[in-house]
Amino acid sequence: MDAQGAVYGLFFEPIDAPESDSDARRQLDDYFAGQRTVFDLKLVTHGPPMHEAVWKMLIEIPYGETATYGDLALRLGDATLARAVGQACAKNPIPIIIPCHRVIGSNGSLTGFGGGIEVKRELLRREASQKSLF
C-alpha cells in the first residue's frame, strides 16, 4: 500500500514486510473465506493505456464468471488484440483484486497466471462453488 492507503501491488512470493492489518488484507481474508465477492479498495496502477484499459475491464468480470481474451479484445474494439489482452493480464500488478484469473482461453482452457495454473484453477473453482451461496 502507498502512503495514502491505496493498493498498488499484490505478490505471491513472500516479501520482507511486517504483517499488516490493512483493509486490503481483511478483504482478501474475507474473499478466501467465501464471504466477499467484490473488493472495495482504492487501487493505484501504473501501466500503458492498453494495460490500464484491460485492468479496468477485469474488475467488471463478475465473481464466479469468466471472459475470454478474445471477449476482452472485442470490447476494446479489435478482435486481433487477444494477445495484447493476455500481456496486460500477465502484467497485472494486483491479481485476485483485479481478477485476471477470470480470463480464460477461447476454448475454455486455463492459460497463464502469475500464481500458476493450479492457483488459477483453484480460484475459479472456489468462486464457482461459492457463487451459489450469495
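Think of each chain on its own: its residues are numbered from 1, step by step along the sequence as written. Owing to the predicted nature of the model, reporting of local features is limited to residues with pLDDT of at least 70; listing and counting of side-chain atom pairs is limited to 80 or more, with chain, interface and lining totals taken over all residues. Only heavy atoms go into the side-chain values, all of them from the structure, while hydrogens and water stay out.

K.L.:
What is the right way to read the nonpolar core from this model?
P.N.:
Generally speaking, nonpolar side chains in soluble globular proteins are found buried as a group. Put simply, buried Ala, Val, Leu, Ile, Met, Phe, Trp, Tyr and Cys residues joined by side-chain atoms within 4.5 Å make one nonpolar core. Only protein chains enter the accessibility calculation, which uses a 1.4 Å probe; a residue is then buried when its area is under 20% of its type maximum, exposed when over 50%, and partly exposed in between. Counting 26 residues, the largest nonpolar core has F39, V54, L58, L72, V85, C89 and V103 as its most contacted members. Starting at the N terminus, helices and strands are each numbered in turn, a helix being any DSSP run of H or I of at least four residues and a strand any DSSP run of E of at least two. Breaking this core down by element, the ones donating at least two residues are α1 (23–32), α2 (49–60), α3 (69–75) and α4 (82–90). No other element matches the four residues that α2 contributes to this core. Once residues lying within four places of it in the same chain are set aside, the contact partners of C89 are V54, L58, Y69, C100 and V103. In what follows, a contact means two residues having at least one pair of non-hydrogen atoms within 4.5 Å.

K.L.:
Can you walk me through the confidence of the model for the protein chain in this structure?
P.N.:
Low pLDDT means the predicted coordinates in that region are not meant to be read closely. The predictor rates its confidence in each residue with pLDDT, a number between 0 and 100. Per-residue pLDDT for the protein chain has a mean of 86; in total, 81% of the residues score no lower than 70. Within the protein chain, α2 carries the highest mean pLDDT (97), whereas helix α5 (residues 117–131) carries the lowest (89).

K.L.:
Would you explain the side chain of T68 in this entry?
P.N.:
Its location among the elements puts T68 in strand β1 (residues 67–68). When its relative accessible area of 15% is taken as the criterion, T68 is described as buried. What qualifies as a polar contact is a pair of N or O atoms within 3.5 Å, subject to a donor-acceptor requirement within protein and to the restriction that residues adjacent in sequence count only when both atoms come from side chains. Polar contacts involving the side chain of T68 include one to the main-chain amide nitrogen of D71, which spans 2.9 Å. Ignoring any residue separated from it by four or fewer positions in sequence, one finds T68 in contact with V103, I104, G105 and S106.

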